[in-house]
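Report on the structure
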Amino acid sequence: VAVIYPYKGVYSNKNRVLYNSLSQLLDILLIDKIRENSAQVYSIYSDASLEYYNYNENYLSINFTTNHKNVDEVIKNLKTVLKEVSEGEFDKKKIDDIITNYTINYETELNKNSFWYSYLYKNTLLKNRDYHLVPPQELKEILTLDALKDFISNSIDQDNYIQVILKPEKPINIFLTIIRR
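The structure contained in this document is the topic of the report that follows.

1. Side note on the pairing of strand E1 (residues 2–6)
The pairing of E1 with strand E3 (residues 59–65) spans five bridges and is antiparallel. Within the sheet, the bridge partner assigned to Ala2 lies in E3 and is Asn63. Where E1 meets strand E4 (residues 162–164), three bridges bridge the pair, whose relative direction is antiparallel. Along E4, the bridge assignment pairs Ile4 with Ile162.

2. A short note on the packing of aromatic side chains
Applying the stated criterion across every chain yields a total of nine aromatic pairs. Judged by centre distance (5.6 Å) and plane angle (50°), the ring pair of Tyr5 and Tyr161 falls under tilted. With a gap of 156 residues between them, Tyr5 in strand E1 and Tyr161 in the loop between helix H6 (145–155) and E4 connect regions that are remote in the sequence. On the accessibility criterion, Tyr161 (29% relative accessible area) is partly exposed. Taking the centre distance of 4.8 Å and the plane angle of 90° together, the rings of Tyr52 and Tyr53 count as edge-to-face. Judged by its relative accessible area of 35%, Tyr52 falls in the partly exposed class. We classify Tyr53 as partly exposed; its relative accessible area is 36%. Site record: aromatic cluster; members linked through ring pairs are Tyr7, Tyr19 and Phe151.

3. What to know about a nonpolar patch on the surface
A contiguous nonpolar patch, built from Tyr52, Tyr53, Tyr55, Tyr117, Tyr121 and Leu125 and spanning about 730 Å² of accessible area, is present on the exposed surface. Tracing the backbone shows Tyr53 in the loop between strand E2 (43–49) and E3.

4. Quick word on the sheet that holds E4
Spatially, E2-E3-E1-E4 is the arrangement adopted by the four strands of the open sheet, whose pairing is antiparallel. Looking at which strands have only one partner, the edges of the open sheet turn out to be E2 and E4. Each adjacent strand pair in this sheet contributes to an overall mean axis angle of 15°, direction not counted. Note: E2 against E3, seven bridges, orientation antiparallel. Within the sheet, the bridge partner assigned to Ser43 lies in E3 and is Thr65. Sheet strands in contact with helix H1 (residues 13–36) are E1, E2 and E3, and its direction is about 170° off that of E2.

5. Some words on the environment of Lys94
Considering the arrangement of structural elements, one finds Lys94 in helix H3 (residues 93–109). Sequence-wise, Lys94 and Ala39 are 55 residues apart; in three dimensions their C-alpha atoms are separated by 21 Å. Once residues within four sequence positions are removed from consideration, Lys94 is found in contact with Leu25, Ile28 and Leu29.

6. Some thoughts on unusual backbone geometry
Despite not being glycine, Ala39 has its phi angle at roughly 50°, a positive value. Here Ala39 lies in the loop between H1 and E2.

7. Observations concerning the pattern of salt bridges
A pair can form between side chains of opposite charge whenever their charged atoms are brought close. Enumeration according to the criterion identifies five salt bridges in this entry. The partner of Glu36 in a salt bridge is Arg35, with the nearest N and O atoms 2.9 Å apart. For Arg35, a relative accessible area of 31% corresponds to the partly exposed category. A salt bridge links Glu109 to Lys112, with the nearest nitrogen and oxygen atoms 3.2 Å apart. By relative accessible area, which is 28% here, Glu109 ends up partly exposed.

The rules behind the values
Residues numbered from 1 in each chain as written. Predicted model: local features only at pLDDT ≥ 70, side-chain atom pairs only at ≥ 80, totals over all residues. Heavy atoms only, no water. Pairing = 2+ DSSP bridges. Helix = DSSP H or I, 4+ residues; strand = E, 2+ residues; numbered from the N terminus. Phe/Tyr/Trp six-rings, centres within 6.5 Å; stacked < 30°, edge-to-face > 60°. Buried < 20%, exposed > 50% of the residue type's maximum accessible area, 1.4 Å probe, protein only. Patch = residues over 30% accessible without salt bridge, like charges linked within 9 Å, V, L, I, M, F, W, Y side chains within 5 Å. Areas by Shrake-Rupley, 256 points an atom, 1.4 Å probe, with all protein chains shown as cover. Salt bridge = Lys/Arg side-chain N within 4 Å of Asp/Glu carboxyl O. Axes fitted to C-alpha atoms, helices over the stretch in contact; angles between N-to-C directions. Contact = heavy atoms within 4.5 Å.

Given below as structure tokens:
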């Protein structure tokens, strides 16, 4: 199942950071509230796409796999989580967790060629636009509860979404054969 919210804001480096942070926060909360606490899904994650040259196709997608009987309940619960985030009704320590994780990943990524290739490509592509490498200290300044709440209210219309549900035509029986040698 995929629930996709079109991005209705403008591209900026700050918005890109907030959008990615929102996705990370949603991952933490959705896993905690929907997978761990209610055991309604096999997996659940969000994906935020915000690029300058994306021709107004930027989006926030929340994807999950579940028993077909749970789909409506899971969608209801994920909308509740998104609403709670937009109202700041979550443990504020989660923002600190995102910053800590970002700091660790930042240091690791700086040592990878693939990171620098991507950075140089985007920096060249977006020359003279608002794109730069965001160090952890800048993330701490950008990612606040108020900034996140303001970003969500200006960037995501929670009543405007696309819902895609893949339903099998008939139940599929899968047999697993274990071969021992």
